[in-house]
Amino acid sequence: MTQQSPELRRKNIGIALLLAGFALLVFFTSVPFWQGITRIIGNQAGG
Amino acid sequence: MSSTTLTHDDAHHDEAPTFWRRWLLSTNHKDIGTLYLLFALLMLFLGGASAMVIRAELFMPGIQLVDPDLYNNLVTNHALIMIFGAVMPAAAGLANWMIPMMIGAPDMALPRMNNLSFWVLPAAATMMMLSFVVPFFPGGGTQINTGWTLYPPLSVQVGMSMDFLIFAIHLLGISSVLASINIIVTLLNMRAPGMTLMKMPMFCWTWLVTAFLLILVVPVLAGGVTMLLFDRHFGTSFFDAAGGGDPVLFQHLFWFFGHPEVYILLLPSIGVLSHVIPTFSRKPLFGYNSMVGAMLAVATIGMVVWAHHQYTVGMSLGAVTYFMIGTIIISIPVGLMIFNFIATMWRGSMTFETPMLFAVAIILMFTFGGLSGVMLAVVPADMQYHDSMFVVAHFHYVLMPGAVFGLFAGIFYWLPKWTGHMYNERLAKIFFWTNVISFNVTFFPQHFLGLAGMPRRIIDYNVMYTEFNVLSSAAAMVFGLSHLLLLYIVISTIRGGKQAQSKVWEGAKGLEWELDSPPAFHTWTVAPTIK
């Protein structure tokens, strides 16, 4: 495996952790968020 | 694009590890790219086999070959295997092979995670195959007969094979998200000095946008199928109206993923075309900045139009109108990309090797699919088209040319670079013409079947639809079998052929064409400088 400088490696892992955290945030918040959206659209349809 | 200065001779060939270490524990982007592509090729044949059984069943009215539940399972599996097993891994394979070579990086940013991203896929495929096989055994429960959209309440009631599929989808999602993280970090951090974002090759741009889309929407699908799992086994009622939930909630969750997914499938192929067309027109890509803007617009607008897949579900007039307007607007940036390709070809010095043949076919047929998409976008019209064969025709016209043919173009374009051998151009052209003509004969009649009222996802149909189904099925057999020729061409090119030059194609430009064909095990160990 080709070697990366410690600074580049730290930058790579930092951005990767940020993106992974964002993906997890989307995963966990998808439940209440989408329940709310469905309720709003459903209420509009109901009048 | 700008010119390059090589600061180091990259002709040294270092030793690759031995077999198990090389393939099971690979941290080399070229080998991992090869693994993705081989996996995708296998899945292409598995997904294609299910399609051929479907079309064989639909050859005549009546139920001849398979029982209805198995038929619906084949329909489900065909879509899941093609989308998650063939197209996405093939695109990831192209990304792994080409992105580091194009940006002057020695490898991907996170090579071990790259390996994990691939090896999760065979596990996921095994779970998906188990979901197909389990119902054949006593106590195995019912087949998954929901279609790839997995709508509850049916998906809550299906047997244990659904649990295998949910697990498979979780694994596929993990693979996609990890690969996307790797691609984003690589493109942001590992570009050669002097290569700004606006000097980056277009294939890299399309993958940057695709990777962000994947990170945004795959977790929502994961959330949706997790909620499905909870409804199935842990007593929740997310999708059960009797318990205070709503089945339509799943649809919103699914299609929030499902619509951007079609752009995830499309954009890498647009990236391939952005290289193929300039090469064989011997002109630079027209409108680099507008291409970047258009793909950002497609990605952004594509995130907020999901419910055009759900017009008939009972939303308010305001909601369906909003989604209709957004869906029609998205045709503008997509059209802009097509116009840029045409402008690239305009007054170019064109030759029509196989990659370029696929590129021209894509422009024509994808545009045609887009036109039927604009028809579907209109809400009152969609009340007629929804769940008919017209939709099946539409999405095959956008996905086959837009995704699969794009990948074929990329494979023919880059195979000489990967293997060091030219493929057999005559055989490749035979493959192209057989494939494209049979594709059109298969799917064009389905527009008329849909308009005449034939529903989708049905095992039997009214006798008045017989003739077009016979035509479609006969052509589908030719279409399916033509892929055996692709397999032969790929295998024979790997095994030998005329030696390929570093710059395989006369009009090719980019860092990847500075490298040997095949490239060394490690390339760009010293980064080039971009002027």
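(A) Structural context of the overall build of chain A. Tallying secondary structure elements over chain A gives one helix and zero strands in all. Residue burial in chain A is summarised as follows: out of 47 residues, 13% are buried.

(B) Looking closely at unusual backbone geometry. Residue and element names in this part refer to chain B. Omega for the peptide link from Pro152 to Pro153 comes to 0°, which places this bond in the cis form. Pro518 follows Ser517 through a cis peptide bond whose omega is -5°. One can find Pro518 in the loop between α16 (466-495) and β2 (529-530). In this structure, Leu150 takes a positive phi of about 55° despite not being glycine. Tracing the chain through its elements places Leu150 in the loop between α4 (111-133) and α5 (154-157). With 23 C-beta atoms counted inside 10 Å, the residue Leu150 sits in the buried group. A positive phi angle, close to 60°, is found at Asp387, a residue other than glycine. By the secondary structure assignment, Asp387 is in the loop between α13 (379-385) and α14 (389-419).

(C) A look at the confidence of the model for chain B. Residues and elements named next belong to chain B. With 97% of its residues at a pLDDT of 70 or more, chain B has an overall mean of 95. Mean pLDDT in chain B bottoms out at strand β1 (residues 4-5), which sits at 40, and peaks at helix α15 (residues 425-451), which reaches 98. Here residues 1-13 scores under 50 on pLDDT; set against residues more than four positions off or in separate chains, the count is 28 contacts. The ipTM assigned to the predicted complex is 0.83, against a pTM of 0.94.

(D) Quick peek at the nonpolar core. Residues and elements named next belong to chain B. Counting 180 residues, the largest nonpolar core has Val87, Cys204 and Ala409 as its most contacted members. Here this core gets 22 residues from one element, more than from any other, and that element is helix α3 (residues 68-103). When residues no more than four places from it in sequence are discounted, the contact partners of Val87 are Met82, Leu265, Ala403, Val404 and Leu407.

(E) Quick peek at the packing of helix α11 (residues 331-345) of chain B against helix α12 (residues 354-377) of chain B. Residues and elements named next belong to chain B. Running from amino to carboxyl end, α11 crosses α12 at an angle of 160°, the nearest separation of the two axes being 11 Å. Between α11 and α12, the interaxial angle falls into the category roughly antiparallel. Of the two elements, α11 crosses α12, and the hand of that crossing is left-handed. Side by side, α11 and α12 meet where Ser331, Val334, Ile338, Phe341 and Ile342 of the first sit next to Ile363, Thr367, Gly370 and Val374 of the second. Classifying every residue of the contact of α11 with α12 by side-chain character gives six nonpolar, three polar and no charged.

(F) Here's a closer look at the packing of α14(B) against α15(B). Residue and element names in this part refer to chain B. At a closest axis distance of 7 Å, the pairing of α14 and α15 adopts a crossing angle of 165°. Compared by their axis directions, α14 and α15 come out roughly antiparallel. Crossing handedness for the pair α14 and α15: left-handed. Facing α14, whose interface residues are Met389, Phe390, Val391, Val392, Ala393, His396, Tyr397, Met400 and Phe412, α15 presents Ala428, Phe439, Phe443, Gln446, His447, Leu449, Gly450 and Leu451.

(G) Just α4(B), in detail. Over its 23 residues, α4(B) runs 34 Å from end to end, which matches the ideal 33 Å to within 8%, given 1.5 Å per residue. Every buried residue of α4(B) is accounted for by B:Asn114, B:Asn115, B:Ser117, B:Phe118, B:Leu121, B:Ala124, B:Ala125, B:Met128, B:Ser131 and B:Phe132.

(H) Structural context of the environment of B:Tyr488. Residues and elements named next belong to chain B. With respect to the secondary-structure elements, Tyr488 resides in helix α16. Judged by C-beta crowding, with 13 C-beta atoms within 10 Å, Tyr488 ranks as partly exposed. Put simply, Tyr488 and Val504 are 16 residues apart on the chain and 21 Å apart in space, counted from C-alpha to C-alpha.

Rules of the game
- Residues numbered from 1 in each chain as written.
- Chains lettered and ligands numbered in written order.
- Predicted model: local features only at pLDDT ≥ 70, side-chain atom pairs only at ≥ 80, totals over all residues.
- Helix = DSSP H or I, 4+ residues; strand = E, 2+ residues; numbered from the N terminus.
- Buried ≥ 20, exposed ≤ 12 C-beta atoms within 10 Å, placed from the backbone.
- pLDDT = per-residue confidence, 0-100.
- Contact = placed C-beta atoms within 7 Å.
- Core = buried A, V, L, I, M, F, W, Y, C linked by C-beta atoms within 7 Å.
- Axes fitted to C-alpha atoms, helices over the stretch in contact; angles between N-to-C directions.
- Parallel < 35°, antiparallel > 145°, perpendicular 65-115°, else oblique.
- Left-handed = near helix turned anticlockwise from the far one by under 90°.
- Nonpolar A, V, L, I, M, F, W, Y, C, P; charged D, E, K, R; others polar.
- Expected span 1.5 Å × (residues − 1).

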